[in-house]
Amino acid sequence: LVTGVRETLGGQASVRLARAFARRGRTILVDLSEAGAATTALDLDAAAGLGDLIDGDVSFAEAIHRDEQTRLHVLPAGRSLSGAQPDPALVRDALAALAATYDHIVVAGPAAARAALVADLSDQVDLIALVAALSLERAEARQARDALSASGVETLIVDASRRGASSDRDAA
């Protein structure tokens, strides 16, 4: 799961990470962010997606889209979510179905301060990547890391303030 102190950072990082995984296997990016930051970065903000799938308005085939630049598949937030958090049980079911098809699932989560969904998905998440511009957001990153770590999932801080964005578990 990729999240950020600010949602736009997490969304951009999730797209980069998912594209990198797509070069190594079947990969899907699932956008659970409140503002659809990852979906917007891929110009899919008006596309059907997870919310429409959960509502029963579309099938998986209609909700999953292809990134124009890579082999990455994308499950946008969808039109019906529009800022609302979906039912965690239904998200879990959708992720379980995707896990049967894809080698890698990258989830673009909501901003860390609003990531209550993480606790509901903790048994399906291998790692949380918390993206922050540490030169500006060190205290916020520390607070977010502590809150996310309570889910029991290893949390890695990715510093987006430097060119080349390094990562460090103890940076904050």
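In this text, all values refer to a predicted model and were calculated from it rather than measured experimentally.

Q: Got a minute to help me understand the overall build of the chain in this structure?
A: Within the chain, the secondary structure is distributed over 7 helices and 8 strands. When burial is assessed residue by residue, the chain has 49% of its 172 residues classed as buried. A separation threshold of at least 6 residues defines the contact pool for the chain, and within that pool the share at least 24 residues apart is 74%.

Q: Sorry if this is basic, but what is going on with the side chain of Thr27 here?
A: The residue Thr27 is located in strand β2 (residues 27–31) in this model. Here Thr27 is in contact with Ala18, Phe21, Ala22, Leu72, His73, Tyr102, His104 and Val106, once residues within four sequence places are set aside.

Q: Teacher, can you tell me more about the pattern of salt bridges here?
A: Side chains carrying opposite charge are able to pair once their charged atoms draw close together. If you walk through the whole model with that rule in mind, you get 5 salt bridges. Between Asp123 and Arg92 there is a salt bridge whose closest N-O contact spans 2.5 Å. Of this pair, Asp123 sits in the loop between α6 (117–121) and β6 (128–132) while Arg92 sits in helix α5 (residues 88–99); the two residues are 31 residues apart in sequence, bridging distant segments of the chain. Judged by its relative accessible area of 27%, Arg92 is partly exposed.

Q: Would you explain the environment of Gly109 in this entry?
A: Examined against the element boundaries, Gly109 turns out to sit in the loop between β5 (104–108) and α6. For Gly109 and Val30, which are 79 residues apart along the polypeptide, the C-alpha to C-alpha distance reads 8.5 Å.

Q: Can you help me understand α5 in this one?
A: For the α-helix, the turn length of 3.6 residues means that residues three or four positions removed from each other point alike. Taking 1.5 Å of rise per residue, the 12 residues of α5 would be expected to cover 16 Å, and the 16 Å separating its terminal C-alpha atoms lies within 8% of that figure. Of the positions making up α5, those classed as buried are Val91, Ala94, Leu95 and Leu98. An end-on view of α5 places all buried positions within 100° of arc, on one side of the element. Measuring from the side-chain oxygen of the N-cap residue of α5 to the backbone nitrogen of Ala89 gives 2.9 Å; that N-cap residue is Asp87.

Q: For this particular structure, what's the right way to read the nonpolar core?
A: Most often, soluble globular proteins keep nonpolar side chains buried together rather than apart. Ranked by size, the top nonpolar core spans 30 residues in total, and within it Val30 and Leu32 carry the most contacts. Contributions of two or more residues to this core are made by β2, α3 (50–54), α5, α6, β6 and α7 (134–149). In this structure, Leu9, Val74, Ala108 and Ala133 belong to the second largest nonpolar core, which totals 19 residues.

Q: How should I be thinking about the side chain of Thr3 in this particular structure?
A: Structurally, the position occupied by Thr3 is in strand β1 (residues 2–4). The residues contacting Thr3, other than those within four sequence positions of it, are Gly10, Gly109, Pro110, Ala111, Ala112, Ile128, Ala129, Leu130, Val131 and Leu148.

Conventions and cut-offs
- Residues numbered from 1 in each chain as written.
- Predicted model: local features only at pLDDT ≥ 70, side-chain atom pairs only at ≥ 80, totals over all residues.
- Heavy atoms only, no water.
- Helix = DSSP H or I, 4+ residues; strand = E, 2+ residues; numbered from the N terminus.
- Buried < 20%, exposed > 50% of the residue type's maximum accessible area, 1.4 Å probe, protein only.
- Contact = heavy atoms within 4.5 Å.
- Salt bridge = Lys/Arg side-chain N within 4 Å of Asp/Glu carboxyl O.
- Expected span 1.5 Å × (residues − 1).
- Arc of directions from axis to C-beta.
- Polar contact = N/O pair within 3.5 Å; in protein donor to acceptor, adjacent residues only side chain to side chain.
- Core = buried A, V, L, I, M, F, W, Y, C linked by side-chain atoms within 4.5 Å.

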